[in-house]
Amino acid sequence: MFTTCWSVKGGSGTTVVAACLAIVHAQARRRVVVADLAGDVPAALGVADPTGPGVLEWLAAGPSVPTDALARLASPVSGGVELIGCGVGSHAGASIDEMAGARLARALRSYADGADVVADCGRADFGAAAALVAESDRSLLVMRPCYLALRRAVRAPRPSGVVLVCEPDRALGVADVEDVLGVPVVAEIPWDPAVARAVDAGLLVTRLPRRLLHALREVAA
């Protein structure tokens, strides 16, 4: 399964959801490859940032770069999780077109060789990220029940499903999001300070909060 996690606004929790999905896959004794287009997955997993080139350099290299070059960019994290870091290139993806994103999707499938792939696309508002979302088997829009985010989501590519990071005292809920976007909310992640503490302490891999684990287990199945 090739899954992309993306958002329409910063601070939605996309990176944490992508990292946790990878952990849940690995806990099921499945090999999983994580592609980081946003730059924060190593921090969420509690590991040092990879040094040297990464996904952005692979994209910028153009169609002549070999598919197997991704293997040289990957590094093991733990328990069957492999990380292909973002790299040191510019995060302004305007110069990286959709064709490059489609090539990356094919290369990730080839490198993973049947393993699960999770890509943190961050805000999918530039060519390569948008193309990666379009090429995936399942695209998950990670969002909070926020009116401003919902307005942007209406104009965004149609996801396969929504992962809703629920916050107390919000006026909008699951039914509102599903009605406006016309796609199901596949997971509700309740606001939980334990998640922030686990991320801040670098313990997400070893101490995945129970409420987060339960919310994403069915999504990873």
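From a predicted model like this one, the values you see are computed outputs, not experimental measurements. (Residues numbered from 1 in each chain as written. Predicted model: local features only at pLDDT ≥ 70, side-chain atom pairs only at ≥ 80, totals over all residues. Heavy atoms only, no water.)

A. How the structure looks around the overall build of the protein chain. Check the secondary structure of the protein chain and you find ten helices and eight strands. At 16 Å, the protein chain has a C-alpha radius of gyration in line with the 17 Å of a compact globule built from 221 residues. Considering only C-alpha atoms, the protein chain reaches an extent of 50 × 35 × 30 Å along its principal axes. Per-residue burial over the protein chain gives 50% buried out of 221 residues. Pairs at least 24 apart in sequence give 72% of the contacts found in the protein chain among residues at least 6 apart. (Helix = DSSP H or I, 4+ residues; strand = E, 2+ residues; numbered from the N terminus. Rg over C-alpha atoms; globule rule 2.2 N^0.38 Å. Buried < 20%, exposed > 50% of the residue type's maximum accessible area, 1.4 Å probe, protein only. Contact = heavy atoms within 4.5 Å.)

B. Main features of the sheet that holds strand β1 (residues 2-7). Pairing within the open sheet is mixed, and its eight strands lie in the order β3-β4-β2-β5-β1-β6-β7-β8. Unpaired on one side and paired on the other, β3 (74-76) and β8 (185-190) mark the two borders of the sheet. In this sheet, neighbouring strand axes are inclined to one another by 20° on average, regardless of whether the strands run parallel or antiparallel. Of the strand pairs in this sheet, strand β6 (residues 138-143) and strand β7 (residues 161-166) are connected by four bridges, and their pairing is parallel. (Pairing = 2+ DSSP bridges. Axes fitted to C-alpha atoms, helices over the stretch in contact; angles between N-to-C directions.)

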